[in-house]
Amino acid sequence: MYKILKREVLAPTLFLFDIEAPLVARKAKPGQFIILRIHDEGERIPLTIADFDREKGTITCVFQEVGKTTMELATLNEGDSVRDFVGPLGEPSHIEKLGKIVCVGGGVGVAPVHPIARALKEAGNEVIGIIGARTKELLFWEDKMRNACTELRVTTDDGSYVRQGFVTDVLKEVVEEKGDIALCVAIGPLPMMRAVCNMTKEYNIKTIVSLNSIMVDGTGMCGCCRVTVGGQTKFACVDGPEFDGHAVDFAEMARRSVIYKSQEQAAVERFNHTCSCGCGGGK
Amino acid sequence: MADEKTGNKTIVPNKHPMPAQDAVVRAKNFNEVALGYNEETVVAEARRCLQCKKEPCRQGCPVEVDIPAFIKLAAERDFAGAIMKLKEKNALPAVCGRVCPQENQCEKYCTVGKKNEPVGIGRIERFCADWELANGVLPQKVAPPTGKKVAIVGSGPSGLTCAADLAKQGHAVTIFEALHVAGGVLMYGIPEFRLPKAVVQAEVQNLKKLGVDIQVNAVVGKFATVDELMEEGGFDAVFLGTGAGLPYFMNIPGENACGVYSANEFLTRTNLMKAYLFPGNDTPIRVGKKVAVLGGGNVAMDAARTALRLGAEESWIVYRRSKNELPARHEEAEHAEEEGVKFAFLTSPTKIIYDDNYWVTGMECLRYELGEPDASGRRSPVPVKGSEFIIDVETVVVAIGQGPNPLVPKTTKGLDCNKKGNIVANLETGATSKPGVYAGGDVVTGAATVILAMGAGRAAARSIHAYLSEK
């Protein structure tokens, strides 16, 4: 059992957990992920590592309620435990000194981009961070990102905070202002990563994205996370999760990510259903 | 019994039939297909054994079970004695009694089998193991602690066997398993209806009683490398039994479309994650009305039979050779056919067809004919030009084999692998190129059977014990 030492509500439907897993924390690196399972009937879900504390032996996970499992996870409190917690999985981010690097985090993607930005800055790069959210209340970790980056720019889609616009709008300004960007790291919803890649391709800026495919085992065994990169089939769990964004077949990725949409909806409805019979909504 | 002593025994020509669930009923449930012998039948079957002096059956057993001895005890109704005799050599008798290809091993050499049907060795083994599980597990002897520590990577058949043998010899054994439950392919791969998961877990529990420590959720190569286990973890030796978990695909267009599964994924979702209980269990699976399984091995049979149980109206085995070349056990193919699985022989797909939403709608196939024998000794399939045709399917399961998982080789210095990525190990001793590191099972040989993996685990345990004794 893996104990939840800290629970924080970052924004509506957005949660942070520090989970006790010393063996994972000992080896965790930016860019990697974990797989957890809440209970014996639970599914195995991958979550990107948002931070780690080797001394305390904890892994920080940030997640958004999107399906039944993440909703159920959000009901857990400090002191509760999850049944299984395995990692660190996937290849770590490649950290080296390149010069000027832009790190883009959209929505919940701010969490996984944070340790990468921090490591890149520690490696001596000039890291320009860009974070964005749909609206002010969904924006989180502005302070942490400001510390992790050389400079940080913030945007909201609806203009409720700082400025109105997408992260790609800010990215365009940064690119034109700064020039010679050596690398762009973009993590967020698929449409955002796709939009960033379309833009950076025009400027010929190498771009790394992190793909959160559907997974089961996370060790290269099931092949369900497969994604086409540069015409070749790759497994996001062992070859990734980071890939050259300009080579990723985003259309395929988007279609594969909704394979279980109808089942997920049914599961969510059951989970949210409450009735007077005391059945607990299928729980 | 009198006849036996005189040697003038009248032999019952056929094996006593295995009671099984009716095919129509079982094709819709996940309960075990073969129901097992009762006491009367097992004794009668055990009495078919001639107790011949040459004991040829023993040469066919990769884990060296003293077959005549355990059968003799079963024939005398001493089931406790029989199971103890079995467990001297076999840590997983309830598993082996169910999934060993006995027809190609012990039973192939049975003297009775020369003129009649061989003795049902596997069925007797299964009965004895189940008898113990039902009547309480009997304690086994464990040698005093040696102070030596062994790490076993992977909790499949080879790892479990190696662990049991070493634990009995007094070594402190820790198994590291990547998934959340021990058993490896016995849990994620082989379906509940062939091998109930409770049976696997009961045998895993027996291992714990021998003192084996099992760490689940532990991916070696990720949370710690093999070198770290030895240098920091204090393990004196390591056994790698990581199996063949990397799924192969056909590399044909459309293979990443929605509705195309690797057999590993299809079976893992169903067996390990119990997707057939969705939404009671949270892991989903999607199965269309018509399913095509590509391949002809045991895994393909398992997937095709599983598809029917998950609600498919039609489940097809698509295999590019003919029925004679099917690599699956005869019994498995027969069970599949009885349950309604259909076979498209001499057929192989060239591309997967999908709709605007990327969901599979069909498969373009070519017909094949058989040419000269190839390297495998089987007649090689040759495509018939212009024979393209389309079959309508909504789900495709690719069951054409698996390669070794690269996580451990990739992160272990000085461990030699071949071109296919298999770990190079001495088949007699399990020794690898790295001192103190042994390997066995599918990660060395490529995908094979449970019992061969167990044999490799036993062989490695023997040389690890010798290595530790000298160290």
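Residues numbered from 1 in each chain as written. Chains lettered and ligands numbered in written order. Predicted model: local features only at pLDDT ≥ 70, side-chain atom pairs only at ≥ 80, totals over all residues. Heavy atoms only, no water.

Naming follows an unreviewed UniProt entry, where chain B appears as NADPH-dependent glutamate synthase of Pelotomaculum isophthalicicum JI.

In the nomenclature of an unreviewed UniProt entry, chain A corresponds to Sulfide/dihydroorotate dehydrogenase-like FAD/NAD-binding protein from the organism Pelotomaculum isophthalicicum JI.

**Details of the overall build of chain B**
Where we set the bar: Helix and strand definitions here come from DSSP, where helices need a minimum of 4 consecutive H or I residues and strands a minimum of 2 consecutive E residues; each element is numbered from the N-terminal end. Computation of the radius of gyration draws on C-alpha atoms, with the globule rule given as 2.2 Å multiplied by the number of residues to the power 0.38. Relative accessibility thresholds used throughout: buried, under 20% of the residue-type maximum; exposed, over 50%; partly exposed, between the two (1.4 Å probe, protein chains only). When checking whether two residues touch, look at their non-hydrogen atoms; a contact exists if any pair is within 4.5 Å.
In terms of regular secondary structure, chain B is built from 18 helices and 16 strands. Relative to its length of 471 residues, chain B is compact, with a C-alpha radius of gyration of 23 Å against a globular reference of 23 Å. Split into buried and exposed, the 471 residues of chain B put 59% on the buried side. Of all intrachain contacts in chain B linking residues separated by at least 6 positions in sequence, the fraction that spans at least 24 positions is 70%.

**Focus: the overall build of chain A**
Which entries qualify depends on this criterion: Areas reported here follow the Shrake-Rupley algorithm with a probe of radius 1.4 Å; residue values treat only the protein chains shown as occluding. Charged-residue counts in this description rest on Lys and Arg as positive and Asp and Glu as negative, His and the chain ends being excluded. We put the charge of a Lys on NZ, of an Arg on CZ, of an Asp on CG and of a Glu on CD.
Looking only at helices and strands, chain A features 8 helices and 15 strands. Since a compact globule built from 283 residues should have a radius of gyration of about 19 Å, the 19 Å found for chain A is in line with a globular shape. Projected onto its principal axes, the C-alpha coordinates of chain A cover approximately 65 × 40 × 40 Å. For chain A, the proportion of its 283 residues judged to be buried stands at 57%. When the accessible surface of chain A is split by element, carbon and sulfur atoms take 48% of a total near 11600 Å². Charge separation in chain A, taken as the distance between the mean sites of 34 positive and 38 negative side-chain charges, equals 2 Å.

**What about the interface of chain A and chain B?**
Definition in use: Buried area adds together the accessible area that both of two parts lose upon being put together, with accessible area traced by a 1.4 Å probe. Salt bridges are defined by distance alone: a side-chain nitrogen of Lys or Arg within 4 Å of a carboxyl oxygen of Asp or Glu. Nitrogen and oxygen atoms within 3.5 Å of one another constitute a polar contact, given that in protein one can donate a hydrogen and the other can accept it, and given that sequence-neighbouring residues count only through two side-chain atoms.
Contact with chain A, which involves 47 residues of that partner, is made by 44 residues of chain B. The contact between chain A and chain B buries some 3700 Å² in all, and 52% of this surface belongs to carbon and sulfur atoms. Considering only the surface of chain A that becomes buried against chain B, M221, R226 and Y260 of chain A emerge as the three largest contributors, covering 18% of it. Across the chain A-chain B interface, the total number found is 5 salt bridges. Taken together, the links from chain A to chain B amount to 24 residue pairs in polar contact (both at pLDDT 80 or more).

**Considering the domain arrangement of chain A**
It is common to give the size of an interface as the accessible area that goes away when the parts come together. Residues and elements named next belong to chain A. Filter applied, for reference: Domain start and stop points were drawn from an automatic or database domain assignment.
We note that the domain assignment places domain 1 (2-89) and domain 2 (100-257) within chain A. Distance between the C-alpha centres of domain 1 and domain 2: 21 Å. Contacts between the two partners involve 21 residues from domain 1, matched on the other side by 22 residues from domain 2. Summing the contributions of domain 1 and of domain 2, the shared interface buries around 1700 Å²; its carbon and sulfur component is 66%. Connecting domain 1 to domain 2 are 2 salt bridges.

**Overview of the UniProt feature "domain: Dihydroprymidine dehydrogenase" (unreviewed entry) in chain B**
Put simply, the test is: UniProt positions are given in the numbering used here, feature names are shortened, and annotations may be inferred rather than shown by experiment.
Under the present numbering, the feature "domain: Dihydroprymidine dehydrogenase" (unreviewed entry) in UniProt falls on residues 26-136 of chain B. Taken end to end, residues 26-136 of chain B has its terminal C-alpha atoms 29 Å apart, with 48% of it in helix and 0% in strand.

**As for the nonpolar core**
Rules: Nonpolar core, defined: a set of buried Ala, Val, Leu, Ile, Met, Phe, Trp, Tyr and Cys residues in which side-chain atoms within 4.5 Å join the residues together.
Counting residues in hydrophobic clusters, the biggest one holds 84 residues, and the most contacted among them are V104, L171 and L211 of chain A together with V293, I317, M363 and V396 of chain B. Each of domain 1 (2-89) and domain 2 (100-257) of chain A contributes no fewer than three residues to this core. Residues V63, C100, L207 and A237 of chain B belong to the second largest nonpolar core, which totals 76 residues.

**Things to note about the environment of P404 of chain B**
Residue and element names in this part refer to chain B. Mapping P404 onto the fold places it in the loop between β15 (402-403) and α16 (407-411). Along the chain, P404 and K351 lie 53 residues apart, while their C-alpha atoms are 26 Å from each other. In contact with P404, not counting residues within four places along its chain, are G243, A244, L246, Y248, K420, G421, N422 and V443.

**Some details on the sheet that holds strand β8 (residues 314-318) of chain B**
Residue and element names in this part refer to chain B. Note the threshold: By the convention used here, strands pair only if DSSP detects at least 2 bridges between them. To define axes, lines are fitted to C-alpha atoms, for helices over the stretch in contact only, and angles between the resulting N-to-C directions are given on a 0 to 180 degree scale.
Pairing is parallel in the open sheet, where 5 strands are placed in the order β6-β14-β7-β8-β9. Because the sheet does not close on itself, it has two edges, and the strands there are β6 (260-262) and β9 (342-344). In this sheet, adjacent strand axes meet at a mean angle of 25° when their direction is disregarded. When strand β7 (residues 290-294) meets β8, the two strands line up parallel, connected through 5 bridges. Looking across to β8, one finds that A292 is bridged to W316.

**Here we look at the pairing of strand β3 (residues 33-37) of chain A**
Residue and element names in this part refer to chain A. With 5 of its 5 residues buried, β3 lies for the most part within the structure. The alternating pattern of β3 places F33, I35 and R37 on one face and I34 and L36 on the opposite face, and all of these are buried. When β3 meets strand β4 (residues 45-53), the two strands line up antiparallel, connected through 4 bridges. Across the sheet, L36 pairs through a bridge with I45, a residue of β4. Where β3 lies against strand β7 (residues 84-89), 4 bridges are found, and the strand directions are antiparallel. The residue of β7 that forms the bridge with F33 is L89.

**A short note on the side chain of T161 of chain B**
As for its placement among the helices and strands, T161 of chain B is situated in helix α9 (residues 157-168). In this structure T161 of chain B touches L92, M454, G457 and R458 of chain B, once residues within four positions along its chain are discounted.

**Some remarks on the pattern of salt bridges**
For the structure shown, the criterion picks out 50 salt bridges over all chains. For D40 of chain A, the salt bridge identified is with R37 of chain A, shortest N-O distance 3.4 Å. Classification of R37 of chain A by relative accessible area gives buried; the value is 6%. For E91 of chain A, the salt bridge is made with K410 of chain B, and the minimal N-O distance between the two is 3.6 Å. Of this pair, E91 of chain A sits in the loop between β7 and β8 (100-106) while K410 of chain B sits in helix α16, placing the two residues on different chains. For E91 of chain A, a relative accessible area of 30% puts it in the partly exposed group.

**Regarding the UniProt feature "binding site: FAD" (unreviewed entry) in chain A**
Residues and elements named next belong to chain A. Per the UniProt record, "binding site: FAD" (unreviewed entry) is annotated on V62, F63 and Q64. Within the secondary structure, V62 sits in strand β5 (residues 58-64). Leaving out residues up to four positions away in the same chain, V62 has contacts with L10, L14, F15, L16, A50, V108, A111, F140 and W141. With respect to the helices, strands and loops of the structure, Q64 is situated in strand β5. Taking relative accessible area as the criterion, Q64 reaches 28% and is therefore assigned partly exposed. Residues contacting Q64, with those up to four places away along its chain left out, are T13, L14, T70 and V108.

**A short note on the UniProt feature "domain: FAD-binding FR-type" (unreviewed entry) in chain A**
The positions UniProt marks with the feature "domain: FAD-binding FR-type" (unreviewed entry) are residues 1-95 of chain A. For residues 1-95 of chain A, the end-to-end C-alpha separation is 32 Å, with 14% helix and 48% strand making up the annotated structure.

**So, the environment of G184 of chain B**
All names here are of chain B. The topology assignment puts G184 in the loop between β2 (172-176) and α10 (185-188). A relative accessible area of 11% means that G184 is categorised as buried. It is 33 Å that separates the C-alpha atoms of G184 and S380, two residues lying 196 residues apart in sequence. In this structure G184 touches S155, G156 and E177, once residues within four positions along its chain are discounted.

**Some points on the UniProt feature "domain: FAD/NAD(P)-binding" (unreviewed entry) in chain B**
Using the residue numbers shown here, the UniProt feature "domain: FAD/NAD(P)-binding" (unreviewed entry) corresponds to residues 148-457 of chain B. When the span residues 148-457 of chain B is considered, its composition is 27% helix and 24% strand, and the gap between its end C-alpha atoms is 18 Å.

**Looking at helix α5 (residues 167-178) of chain A**
Residues and elements named next belong to chain A. Here is the rule we go by: The span you would expect from a helix comes to 1.5 Å times its residue count less one. The arc in question is formed by the directions pointing from the helix axis toward the C-beta atoms.
Taking 1.5 Å as the rise per residue, α5 with 12 residues should run 16 Å; its terminal C-alpha atoms sit 16 Å apart, in good agreement. Among all positions in α5, only V167, T168, V170, L171, V174 and V175 are buried. Across the axial projection of α5, the buried residues extend over an arc of 155°, all falling on one side. Turned more than 90 degrees from where α5 packs its buried face, E176 and E177 sit exposed. Looking at the buried residues of α5, the elements they touch are β8, β9 (126-133), β10 (151-156), β11 (183-187) and α6 (190-202). Two residues or fewer past α5, G179 is found with a positive phi of approximately 65°.

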